[in-house]
Amino acid sequence: MNGGNTTDLASQARALLADIEQKTLTNKDRMALPVQDMPCQEPAVRAHNMDEVALGYTEAQARIEAARCLQCKNAPCVAGCPVSIDIPGFVGLVAKGDYQGAATVIHRTNLLPAICGRVCPQEKQCQAPCTLGKALKGVDRAVQIGRLERFVADRERAAGGAPMPHVQPQTGKRVAVIGSGPAGLTVAADVRRDGHEVVIFEAFQKPGGVMVYGIPEFRLPKAIVREEAAKLERMGVRFELNTLVGRTVPLAELLQEEGFDAAFIGVGAGLPKFMDIPGENLVGVFSANEYLTRANLMRAWDRERAATPIYPSKRVAVLGGGNVAMDSARMALRLGADEVHVLYRRTREEMPARAEEVGHAQEEGVVFDFLASPTEVLGSDKGIVTGLRVMSYRLGEPDASGRRSPVAIDGSEHDVAFDTVIVAVGNESNPLLAKTTPGLAVDKKGHVLVDEHQKTALDGVWAGGDIVLGAATVILAMGEGRRAAAAINAYLKGK
Ligand code: FAD
Ligand code: SF4
């Protein structure tokens, strides 16, 4: 289960914790402990507010969940974590009630645990190989590592936050970081710690990348990202906001004329893909990027004070089956739509979105139209969206991705009324830097090419995150940032 009534979950957990504290638990006892559900806002309430949906474990819940861990010697969970957190180490400390100790263990390898605990796809990473989940025959029965990470990070934040990292004396070397998503923020922290001057250049007016303009407040409160950026500023990192490198200033100028000794490119994959069907230029069609950016960064939901108007939607169609589609659909409900449909060419089983997000969207009232995809956006003579022409599909043989491929059913086209269409079928690399930086090697999709240390084809320039990987995840972007920072620090030492 994904959620539960807060009061019931808290009181059940208190009673159970009091019981197990009296015993020395065997592995059999640990395996019999119930998975602790995440307390959540009620669906009917949360569908109309922007507050965080998941409320976080109580202390008793966290200690019971941690007590489920079998402390495996080979710890397959650690191999599943892209930044190799010592999972049994921190979970064992939570079980003992040593939350500060647990935070210290996590910080050794993860700079942003309050963020990762909320948005990492744990069911595909650390929780997938968990011995307990395998023994109990379900990844949903694995130790809930992400929820425990979030618990530890939130307790530390409530107690004043992680201690400030030690910064070495100034080296006189300067590093330009382009883009302030998780990749750029990680590089900035690690490079600054070695005493180098760091300036982050960010195109938008707020730092944080997709964590600020893409992932909605109801999944990741922006205050958490703001705290991370503020911590970097206290470490001496400088932000140059509203600066589009490649247009406001070319990368080569930063290196050759402005005295930067090295640069990191972490500009993400912010170029939305479209379906390439007739009618996509009608008024009322949005890319998920634009829709979510207006809502998150420009606070369109805050009607009184918003810097941007909300398009008045009543019947919304969201095209796609990933996390971005789920975020868009749930945002549309919160912005006042009466009915929101997600159209997806395959079935729920093949959807790339996290099961938890799909479950949350369904609970909130989002309607899923599976085996359906539009062939045309329909519009009025004034050029405004009136609906979609939809084709029905059946599942055929598995394709290259291993998922069963959708096969169109001839003669199945039918028209459905919608006033808004949000296209959430993926993102591509922004081509600006590649076009304006001679010598920067990219592949056919515009991803910057790097070696095993994230070094690009250009001297003194590294890259990482979505601009290298294509649309990926926060933790993978952070992992690439760490690798790049280590290489930049080594390079500057020898310079
Ligand atoms: P980004 O976060 O994209 O940051 C790049 C930054 O560079 C941006 O701030 C951009 O404005 C700036 N920039 C771009 N060009 C320039 C330029 N020329 N000059 C200056 N600045 C520039 N991942 C998860 O792990 N879990 C999730 O639940 C999840 N949900 C998502 C939901 C949505 C709606 C989206 C869009 C993505 C989601 N992701 C999720 C993916 C994840 O957010 C990204 O993989 C991650 O943010 C990539 O980090 P990054 O640092 O490479 O780039
Ligand atoms: Fe604990 Fe699961 Fe990791 Fe084993 S695999 S140490 S049970 S979290």
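Residues numbered from 1 in each chain as written. Chains lettered and ligands numbered in written order. Predicted model: local features only at pLDDT ≥ 70, side-chain atom pairs only at ≥ 80, totals over all residues. Heavy atoms only, no water.

**Student:** Would you explain the overall build of the chain in this entry?
**Tutor:** Of regular secondary structure, the chain possesses 20 helices and 16 strands. For the chain, the C-alpha atoms occupy an extent of roughly 65 × 65 × 50 Å along the three principal directions. Across the 495 residues that make up the chain, the buried fraction comes to 54%. Accessible area for the chain stands at about 21,600 Å²; split by element, carbon and sulfur atoms hold 52% of it. Put simply, the chain has 57 plus and 60 minus side-chain charges, and the middle of one group is 4 Å from the middle of the other. (Helix = DSSP H or I, 4+ residues; strand = E, 2+ residues; numbered from the N terminus. Buried < 20%, exposed > 50% of the residue type's maximum accessible area, 1.4 Å probe, protein only. Areas by Shrake-Rupley, 256 points an atom, 1.4 Å probe, with all protein chains shown as cover. Lys, Arg positive; Asp, Glu negative; His and termini not counted. Charge placed at Lys NZ, Arg CZ, Asp CG, Glu CD.)

**Student:** Would you take a moment to explain the environment of Gly195 for this structure?
**Tutor:** Looking at the secondary structure, you find Gly195 in the loop between α11 (182–193) and β2 (197–201). For the pair formed by Gly195 and Ala472, sequence separation is 277 residues and the distance between their alpha carbons is 30 Å. Here Gly195 is in contact with Gln168, Pro169, Gln170 and Thr171, once residues within four sequence places are set aside. (Contact = heavy atoms within 4.5 Å.)

**Student:** Hey, could you run me through the site of ligand 1 in this one?
**Tutor:** As a matter of local geometry, ligand 1 sits amid 32 residues, with Val119, Glu202, Arg219, Val245 and Asp466 nearest to it. Backbone polar atom of Ala203 to a nitrogen atom of ligand 1: 3.1 Å apart, as the coordinates give it. Interatomic distance of 2.8 Å between a backbone N/O atom of Asp466 and an oxygen atom of ligand 1. When ligand 1 sits alone it has 1,000 Å² of accessible area, and the protein chains cover 94% of it. Broken down by secondary-structure element, the contributors of at least two residues to the shell around ligand 1 are α11, α12 (210–213), α16 (323–334) and α20 (474–493). Class assignment for the residues of the shell around ligand 1 results in 18 nonpolar, 10 polar and four charged. In terms of domain composition, the shell around ligand 1 takes at least three residues from each of domain 2 (174–270 + 429–494) and domain 3 (272–426). (Near = heavy atom within 4 Å. Polar contact = N/O pair within 3.5 Å; in protein donor to acceptor, adjacent residues only side chain to side chain. Nonpolar A, V, L, I, M, F, W, Y, C, P; charged D, E, K, R; others polar. Domains from an automatic or database assignment.)

**Student:** I'm lost on α16 in this one. Help?
**Tutor:** Since there are 3.6 residues in each turn of an α-helix, residues three or four apart along the chain are aligned in direction. Over its 12 residues, α16 runs 17 Å from end to end, which matches the ideal 16 Å to within 8%, given 1.5 Å per residue. Buried residues dominate α16, accounting for 10 of its 12 residues. All buried positions along α16 are accounted for by Ala325, Met326, Asp327, Ser328, Ala329, Arg330, Met331, Ala332, Leu333 and Arg334. A positive backbone phi angle near 110 degrees is found at Gly336, which sits one or two residues after α16. (Expected span 1.5 Å × (residues − 1).)

**Student:** Whenever I open this one, the domain arrangement of the chain confuses me. Can you help?
**Tutor:** One frequently used descriptor of interface size is the decrease in accessible area upon assembly of the parts. What the domain assignment lists for the chain is domain 1 (6–158), domain 2 (174–270 + 429–494) and domain 3 (272–426). Taking the mean C-alpha position of each, domain 1 and domain 2 sit 31 Å from one another. Contact with domain 1, which involves 20 residues of that partner, is made by 22 residues of domain 2. Overall, the association of domain 1 and domain 2 removes approximately 1,800 Å² of surface from exposure, summing both partners, and the carbon and sulfur fraction of that is 74%. Broken down residue by residue, the surface that domain 1 buries against domain 2 is led by Leu111, Leu112 and Ile115, which jointly contribute 32%. Here domain 1 and domain 2 share one salt bridge between them. Between Glu227 and Arg157 there is a salt bridge, with the nearest N and O atoms lying 2.9 Å from each other. Remark: the boundary between domain 1 and domain 2 carries four residue pairs in polar contact (both at pLDDT 80 or more). Looking at the side of domain 1 that touches domain 2, the element that brings in the most residues is helix α8 (residues 113–119), giving five residues. Residues belonging to the side of domain 1 that touches domain 2 are distributed by class as follows: 12 nonpolar, three polar and five charged. (Buried area = accessible area lost by both parts, 1.4 Å probe. Salt bridge = Lys/Arg side-chain N within 4 Å of Asp/Glu carboxyl O.)

**Student:** In this structure, what is going on with the environment of Arg147? I would like to understand it.
**Tutor:** With respect to the helices, strands and loops of the structure, Arg147 is situated in helix α10 (residues 145–158). For Arg147, a relative accessible area of 9% gives the class buried.

**Student:** Where do I start with the site of ligand 2 in this structure?
**Tutor:** Neighbouring ligand 2 are the residues Cys69, Leu70, Cys72, Pro76, Cys77, Pro88, Cys130, Thr131, Val143 and Ile145. Per-class residue counts for the shell around ligand 2 are nine nonpolar, one polar and no charged.

**Student:** Explain the nonpolar core to me, please; I cannot follow it from the model alone.
**Tutor:** Side chains that are nonpolar tend, in soluble globular proteins, to be buried together. Counting residues in hydrophobic clusters, the biggest one holds 74 residues, and the most contacted among them are Ile87 and Phe90. Per-element accounting of this core gives the leading share, nine residues, to α20. The contact partners of Ile87, leaving out residues within four places of it in the chain, are Cys77, Val78, Cys81, Cys126 and Ile145. Ranked by size, the runner-up nonpolar core spans 33 residues in total, among them Ala288, Leu292, Ala329 and Val366. (Core = buried A, V, L, I, M, F, W, Y, C linked by side-chain atoms within 4.5 Å.)

**Student:** Would you mind going over the packing of helix α6 (residues 87–95) against α10 with me for this structure?
**Tutor:** The relative placement of two packed helices is expressed as an angle between their axes plus a distance between the axes. Relative orientation of the contacting elements α6 and α10 amounts to 60 degrees, with a least axis distance of 11 Å. Judged by the inter-axis angle, α6 sits oblique to α10. As α6 runs across α10, the sense of the crossing is left-handed. The segment α6 lies against α10, with Ile87, Phe90, Val91 and Val94 engaging Ile145, Leu148, Glu149 and Val152. Grouping the constituent residues of the contact of α6 with α10 by class yields seven nonpolar, no polar and one charged. (Axes fitted to C-alpha atoms, helices over the stretch in contact; angles between N-to-C directions. Parallel < 35°, antiparallel > 145°, perpendicular 65-115°, else oblique. Left-handed = near helix turned anticlockwise from the far one by under 90°.)

**Student:** Any chance you could explain the packing of aromatic side chains here in plain terms?
**Tutor:** The geometry of an aromatic ring pair is captured by the separation of the ring centres together with the interplanar angle, meaning the angle of the planes. Following the criterion strictly, the structure yields seven aromatic pairs and no others. Between Phe201 and Phe260, the ring centres sit 5.8 Å apart and the planes meet at 75 degrees, which makes this aromatic pair edge-to-face. Linking Phe201 in strand β2 with Phe260 in the loop between α14 (251–256) and β4 (262–265), this pair joins segments that are 59 residues apart in sequence. Assessed through its relative accessible area of 6%, Phe201 is described here as buried. With a centroid separation of 5.6 Å and 20 degrees between ring planes, the pair formed by Phe368 and Phe370 is classed as stacked. The exposure class assigned to Phe370 is partly exposed, which follows from its relative accessible area of 27%. Among the aromatic residues, those joined into a ring-pair cluster are Phe286, Tyr291 and Tyr311. A cation sits over an aromatic face here: Arg315 above Phe418, 5.1 Å from the ring centre. Between Arg334 and the ring centre of Phe218, over which it is positioned, the NZ or CZ distance is 3.9 Å. (Phe/Tyr/Trp six-rings, centres within 6.5 Å; stacked < 30°, edge-to-face > 60°. Lys NZ or Arg CZ within 6 Å of the ring centre and 35° of its normal.)

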